[in-house]
Amino acid sequence: MPIGIIGAGAIGQALTRRLVAAGQQVWISNSRGPDSLQSLSRALGPTLIPATVPDAAAQEIVILAVPWRQLPAAVKAADVDDWSGRIVIDTTNPLGPPDFKAADLGGRTSSEVVADLVPGASLVKAFNTLTPGVLGADPRTPAGRRVIFLSGNDAGANDRVARLIQHAGWAPIDLGALSSGGRLQQFPGGPLPTLNLLRET
Ligand SMILES: NC(=O)c1ccc[n+]([C@@H]2O[C@H](COP(=O)([O-])OP(=O)(O)OC[C@H]3O[C@@H](n4cnc5c(N)ncnc54)[C@H](OP(=O)(O)O)[C@@H]3O)[C@@H](O)[C@H]2O)c1
């Protein structure tokens, strides 16, 4: 199943490396256009396709990997009115440049706020608790597989993302709904960010 990524910075590239290594076709995009991603594609091979934001957003699974304040513009650039039928994986945390002040979410979890930007999509929060260096490293270690937490309100979508995570070599842990599981993953504030766990296989 092809995957689109919006955002080709530290997190977008770390995930790209793991997904391409697992044999996935990945459509990767950024704010500067596909030409700026040619050298990454040459380095990682033909299953990495430099794309426009709308082309990345057209894939069945779309990963959002842009800074919090750029999210509305990036989603707007995707030019999608109805995200129905797509799974959107939210890697974002509600703070970032220029001041790294935590956003006021009005008591909601950040992924509930992001879900409003992609109406109709099944939104799954994942990959937001580890650094790019940890995420980009081989998840299979002699002591076990690196744990990736996920949460979302559509159990079927959670299951599909869990299978993708497993296929790429990580060990998924599904925490349930965004209002509860997402709160555990929340950064800042939740207990799970930075926790780098391995699960014995
Ligand atoms: N870094 C971490 O330790 C870490 C850990 C967990 C989660 N996160 C979260 O992951 C997200 C990405 O962080 P990052 O560190 O990967 O950021 P980053 O290295 O600054 O990369 C951001 C990417 O977003 C792209 N972008 C910005 N505005 C865009 C737009 N309007 N349309 C399309 N693409 C746009 C940028 O495009 P250009 O390349 O063209 O500028 C860049 O490729 C953030 O929400 C962050 O909170 C980060």
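Residues numbered from 1 in each chain as written. Predicted model: local features only at pLDDT ≥ 70, side-chain atom pairs only at ≥ 80, totals over all residues.

Structural notes on the site of the ligand
Around the ligand sit 26 residues, and of these Gly7, Gly9, Ile11, Asn30 and Thr92 come closest. Of all elements in the fold, only α1 (10–21) and α4 (71–78) reach the threshold of two or more residues within the shell around the ligand. Among the residues making up the shell around the ligand, the classes are represented as 13 nonpolar, 12 polar and 1 charged. (Near = placed C-beta within 6 Å. Helix = DSSP H or I, 4+ residues; strand = E, 2+ residues; numbered from the N terminus. Nonpolar A, V, L, I, M, F, W, Y, C, P; charged D, E, K, R; others polar.)

Structural notes on the nonpolar core
Ile5, Ile6, Leu64, Ile89 and Val161 are the most contacted members of the largest nonpolar core, which totals 55 residues. Beyond its immediate chain neighbours, meaning those up to four positions away, Ile89 contacts Ile61, Ile63, Leu64, Val124, Ala126, Phe127 and Val161. (Core = buried A, V, L, I, M, F, W, Y, C linked by C-beta atoms within 7 Å. Buried ≥ 20, exposed ≤ 12 C-beta atoms within 10 Å, placed from the backbone. Contact = placed C-beta atoms within 7 Å.)

Focus on α1
The end-to-end C-alpha separation of α1 is 17 Å, in line with the 16 Å expected for 12 residues at 1.5 Å each. Most of α1 is tucked away, with 10 of its 12 residues classed as buried. Within α1, the full set of buried residues consists of Ile11, Gly12, Gln13, Ala14, Leu15, Thr16, Arg17, Arg18, Leu19 and Val20. Along its buried surface, α1 packs onto β1 (3–6), β2 (26–29), α2 (38–44), β3 (48–50), β4 (61–64) and α6 (132–136). Gly23 occupies a position one or two residues after α1 and carries a positive phi of about 90°. (Expected span 1.5 Å × (residues − 1).)

Overview of unusual backbone geometry
Residue Pro97 is joined to Pro98 through a cis peptide bond whose omega torsion reads 5°. You can see Pro98 is positioned in the loop between β5 (87–90) and α5 (110–117). Between Phe187 and the following residue, Pro188, the backbone shows a cis peptide bond with an omega angle of 5°. Examined against the element boundaries, Pro188 turns out to sit in the loop between α8 (181–185) and β10 (198–199). Positioned with a positive phi, Asp79 is a non-glycine residue whose angle comes to about 60°. Structurally, Asp79 is set in the loop between α4 and β5. Asp79 sits in the exposed class, given 11 other C-beta atoms within 10 Å.

Honestly, that's just the spatial picture; any functional story needs more than this.
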